[in-house]
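Spelled out, the chains give:
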Amino acid sequence: GAGVSQTPSNKVTEKGKYVELRCDPISGHTALYWYRQSLGQGPEFLIYFQGTGAADDSGLPNDRFFAVRPEGSVSTLKIQRTERGDSAVYLCASSLHGGYNEQFFGPGTRLTVL
Amino acid sequence: AQSVTQPDIHITVSEGASLELRCNYSYGATPYLFWYVQSPGQGLQLLLKYFSGDTLVQGIKGFEAEFKRSQSSFNLRKPSVHWSDAAEYFCAVVPGTASKLTFGTGTRLQVTL
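Criteria and thresholds
Residues numbered from 1 in each chain as written. Chains lettered and ligands numbered in written order. Predicted model: local features only at pLDDT ≥ 70, side-chain atom pairs only at ≥ 80, totals over all residues. Heavy atoms only, no water. Buried < 20%, exposed > 50% of the residue type's maximum accessible area, 1.4 Å probe, protein only. Helix = DSSP H or I, 4+ residues; strand = E, 2+ residues; numbered from the N terminus. Pairing = 2+ DSSP bridges. Axes fitted to C-alpha atoms, helices over the stretch in contact; angles between N-to-C directions. Contact = heavy atoms within 4.5 Å. Buried area = accessible area lost by both parts, 1.4 Å probe. Salt bridge = Lys/Arg side-chain N within 4 Å of Asp/Glu carboxyl O. Polar contact = N/O pair within 3.5 Å; in protein donor to acceptor, adjacent residues only side chain to side chain. Nonpolar A, V, L, I, M, F, W, Y, C, P; charged D, E, K, R; others polar. Phe/Tyr/Trp six-rings, centres within 6.5 Å; stacked < 30°, edge-to-face > 60°. Core = buried A, V, L, I, M, F, W, Y, C linked by side-chain atoms within 4.5 Å. 1 Å grid on protein atoms, 1.4 Å probe; cavity = no way out; pocket = protein on both sides within 12 Å on 5 of 7 lines; lining within 4 Å. Points joined across faces, edges and corners; volume = space filled by probe spheres on them.

**Student:** Would you take a moment to explain the pairing of strand β3 (residues 19-24) of chain A for this structure?
**Tutor:** Where a strand is regular, its side chains alternate between the two sheet faces. Residues and elements named next belong to chain A. Here β3 shows a clear split, with Val19, Leu21 and Cys23 buried on one side and none of Glu20, Arg22 and Asp24 buried on the other. Where strand β1 (residues 5-7) meets β3, three bridges bridge the pair, whose relative direction is antiparallel. Its bridge partner lying in β3, Thr7 is registered against Arg22. Pairing of β3 with strand β8 (residues 75-79) involves five bridges; the strand directions are antiparallel. Of the residues in β8, the one forming a bridge with Glu20 is Lys78.

What follows is the structure in structure tokens.
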């Protein structure tokens, strides 16, 4: 079946602009995660959804970052007033039920803030 | 807080040679441990995982890893490396009560022919 998909694959924006990144998880997966990977680093956790609710948002760096999953499937990561330091690859993953179940990762969205 | 250390940033091996990538974790109890591989242009793929039981776990693509509690380590091994194994390898941990992955900084593997 289809894996996790993310759109767009690349996004270039200007400092101060607003961006939305989309994640389509594997069908039937209740858990969805967002991670951010900076150059030369491992992915860093941002937020975890179980169904429609954010079960853990402790990784969001500040209030410019927000994510939603209104119907328990597709999720959107929203970044307001983008800064150059937000440039990174944003990864989405989903798993069947969360916990320690295997997380399946999408290809990521590369965000560049000029 | 839990953390993962991968002391080797970059490793080069010859095709056919054996491989060991190091991973050390910091966590009070036994965590859930994972190894992921990231190839250029591709997403992260799970190689293997350790939850409990046998401390030697087998994964895909001929990889294995051994959990050593006394050393807080979970090193990845492969007896004979193929050129297609060149990629970035990440060790990760999930604490028993949480769901999020904490990743190490990764080891980039280069394979020479």
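Continuing now.
**Student:** Help me understand the sheet that holds β3 of chain A in this model?
**Tutor:** Sheet strands pair by backbone hydrogen bonding; their relative direction is either parallel or antiparallel. Residue and element names in this part refer to chain A. Strand order in the open sheet formed by four strands is β1-β3-β8-β7, and the pairing between neighbours is antiparallel. If you trace the sheet from one side to the other, it starts and ends with β1 and β7 (65-68), each paired once. Going across the sheet, the axis of each strand differs from the next one's by a mean of 15°, ignoring polarity.

**Student:** Explain the interface of chain B and chain A to me, please; I cannot follow it from the model alone.
**Tutor:** Often, the extent of an interface is quoted as the loss of accessible area on bringing the components together. On the chain A side, the residues contacting the 18 residues of chain B number 20 residues. Of the roughly 1500 Å² buried where chain B meets chain A, counting both sides, 59% is carbon and sulfur surface. Taken as a group, Leu44, Ser99 and Lys100 of chain B account for 34% of the area that chain B buries against chain A, more than any other trio of residues on that side. Put simply, chain B and chain A have one salt bridge between them. In this structure, Asp56 of chain A and Lys100 of chain B form a salt bridge, with 3.6 Å as the shortest nitrogen-oxygen distance. Counting across the chain B and chain A interface gives six residue pairs in polar contact (both at pLDDT 80 or more). When the residues that make up the side of chain B that touches chain A are grouped by side-chain class, the tally is eleven nonpolar, five polar and two charged.

**Student:** How do you make sense of the packing of aromatic side chains when you look at a structure like this?
**Tutor:** Aromatic ring pairs are reported here in terms of the distance separating the ring centres and the angle at which the planes meet. Counted by the stated rule, this structure contains 16 aromatic pairs over all chains. With 6.1 Å between their ring centres and 70° between their planes, Phe105 of chain A and Phe103 of chain B make a pair best called edge-to-face. Residue Phe105 of chain A is located in strand β10 (residues 104-105), and its partner Phe103 of chain B is located in strand β11 (residues 102-103); the two belong to separate chains. An identical accessibility class is assigned to Phe105 of chain A and Phe103 of chain B; each is buried. Here the aromatic rings of Tyr36 of chain B and Phe103 of chain B are separated by 5.9 Å at their centres, their planes lie at 55°, and the arrangement is tilted. Placement of the pair is Tyr36 of chain B in strand β5 (residues 32-38) and Phe103 of chain B in strand β11, with a sequence separation of 67 residues. This pair shows no difference in class: Tyr36 of chain B is buried, exactly as Phe103 of chain B is. By the ring-pair criterion, three or more aromatic residues cluster together here, those being Tyr33, Tyr35, Phe45, Tyr48 and Phe105 of chain A together with Tyr32, Phe34, Tyr36, Phe51, Phe90 and Phe103 of chain B.

**Student:** Please explain the nonpolar core as it appears in this structure.
**Tutor:** General note: in soluble globular proteins, nonpolar side chains tend to be found buried as a group. Core analysis: the largest hydrophobic core is formed by 26 residues, its most contacted members being Leu19, Trp35, Leu47, Leu48, Phe74, Leu76 and Tyr89 of chain B. Among the elements that make up this core, the one with the highest residue count is strand β10 (residues 87-94) of chain B (four residues). Setting aside chain neighbours within four positions, we find Leu48 of chain B in contact with Leu33, Phe34, Trp35, Val57, Gln58, Gly59, Phe63, Glu64, Ala65, Phe74 and Leu76 of chain B. Grouped together as the second largest cluster of nonpolar side chains are 20 residues, Leu32, Leu60, Tyr90 and Cys92 of chain A included.

**Student:** What exactly am I supposed to notice about the layout of surface pockets here?
**Tutor:** Summary: where empty space remains is shown by rolling a probe the size of a single water molecule over the atoms. The space that makes up the largest pocket amounts to roughly 750 Å³. Contributing to the lining of the largest pocket are 31 residues, with Gln37, Leu39 and Arg110 of chain A together with Gln38 and Arg108 of chain B lying nearest its centre. Sorting the residues of the lining of the largest pocket by element identifies β9 (88-95) and β11 (109-113) of chain A together with β10 and β12 (107-112) of chain B as the ones contributing at least two each. Ranked by residue count, the leading element in the lining of the largest pocket is β11 of chain A, at four residues. Each pocket or cavity is described by its volume, and for the second largest pocket that value is around 200 Å³. Residue assignment for the lining of the second largest pocket shows that the elements contributing at least two residues are β5 (44-50) of chain A together with β11 of chain B. Here the lining of the second largest pocket is composed, by residue class, of five nonpolar, six polar and two charged.

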